[in-house]
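# Fold and geometry: a report
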Amino acid sequence: SLDGGVTFTGSAAFGGTADCNYIAVAPSNTNIVLASKGSSLFKSIDNAATFTQLTGLQGSYIGGFAFHNTDPNKMWVCFSNYTDGAKVYYSSNGGSTWTNISGNLPNIPANTIAFQPGANNGVYVGMDAGVFYRDDVL
């Protein structure tokens, strides 16, 4: 919607019959959109006209994702699962490759993730039992 939700325009379908769980638009480039279905992450670079599935992530259910506020190639994805050590992934190249940055997060679902502008790639991870923070310094 470009008019506050008065009217909507459909976007491209991105595989399968499952519901879209989450969607986010890069704040620094509104042509870049992420959307998820279960454990699959899709990316559009043409304002949701077409989507491509991103690979290289290992988790059973995407809990959320976040973009850097000025660099749309930097993105984080969290997983809401009980797979130890597979909670948060980071990409600096638009999702071409991913680095597991789960560190010492507990083995409980990571339900949401938020980027903190002005920090050194700081992100907050909301989990079933608390909120955790990390950045490039910590």
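A few points on the structure.

Conventions used here
Residues numbered from 1 in each chain as written. Predicted model: local features only at pLDDT ≥ 70, side-chain atom pairs only at ≥ 80, totals over all residues. Heavy atoms only, no water. Pairing = 2+ DSSP bridges. Helix = DSSP H or I, 4+ residues; strand = E, 2+ residues; numbered from the N terminus. Buried < 20%, exposed > 50% of the residue type's maximum accessible area, 1.4 Å probe, protein only. Axes fitted to C-alpha atoms, helices over the stretch in contact; angles between N-to-C directions. Polar contact = N/O pair within 3.5 Å; in protein donor to acceptor, adjacent residues only side chain to side chain. Phe/Tyr/Trp six-rings, centres within 6.5 Å; stacked < 30°, edge-to-face > 60°.

Moving on, we come to the sheet that holds strand β6 (residues 75-79). Read from one edge of the open sheet, four strands run β5-β6-β7-β8, paired in antiparallel fashion. Every interior strand has two partners, whereas the edge strands, β5 (62-67) and β8 (99-100), have only one. In the sheet, strand β7 (residues 88-91) pairs with β8 via two bridges, with the strands oriented antiparallel. From the neighbouring strand, Y90 faces β8, where its bridge partner is T99.

Another aspect to go through is the environment of G103. Tracing the backbone shows G103 in the loop between β8 and β9 (110-116). Residue G103 is classed as exposed on the basis of its relative accessible area of 69%. Taking the C-alpha atoms as reference points, G103 and I45, 58 residues apart in sequence, are found 30 Å from one another.

Overall, antiparallel pairing links the three strands, which are arranged β9-β10-β11 in an open sheet. The sheet is open, and its two borders are formed by β9 and β11 (130-134), each paired with just one other strand. Direction aside, neighbouring strands of the sheet carry axes that sit 20° apart on average. Sheet topology places β9 next to strand β10 (residues 122-127); six bridges connect them, and they run antiparallel. Bridge pairing in β10 links F115 to V123.

The residue D3 is located in the segment before β1 (22-25) in this model. Between the C-alpha atoms of D3 and N81, which are 78 residues apart in sequence, the distance is 37 Å. A distance of 2.6 Å separates a polar atom in the side chain of D3 from a polar atom in the side chain of T7.

This part covers the packing of aromatic side chains. Counted according to the given criterion, the structure contains five aromatic pairs. Judged by centre distance (6.4 Å) and plane angle (85°), the rings of Y22 and F65 are edge-to-face. In this pair, Y22 is assigned in strand β1 and F65 in strand β5, connecting sequence segments 43 residues apart. On the basis of relative accessible area, Y22 is assigned to the partly exposed category, the value being 32%. Given the relative accessible area of 10%, F65 is considered buried. Relative to F115, the ring of W76 lies with its centre 5.2 Å away and its plane at 25°, an arrangement referred to as stacked. Of the two residues, W76 is situated in strand β6 and F115 in strand β9; the sequence distance between them amounts to 39 residues. Across the pair, exposure class does not vary: W76 and F115 are buried alike. Connected via pairs of aromatic rings, a cluster forms that spans W76, Y90 and F115.

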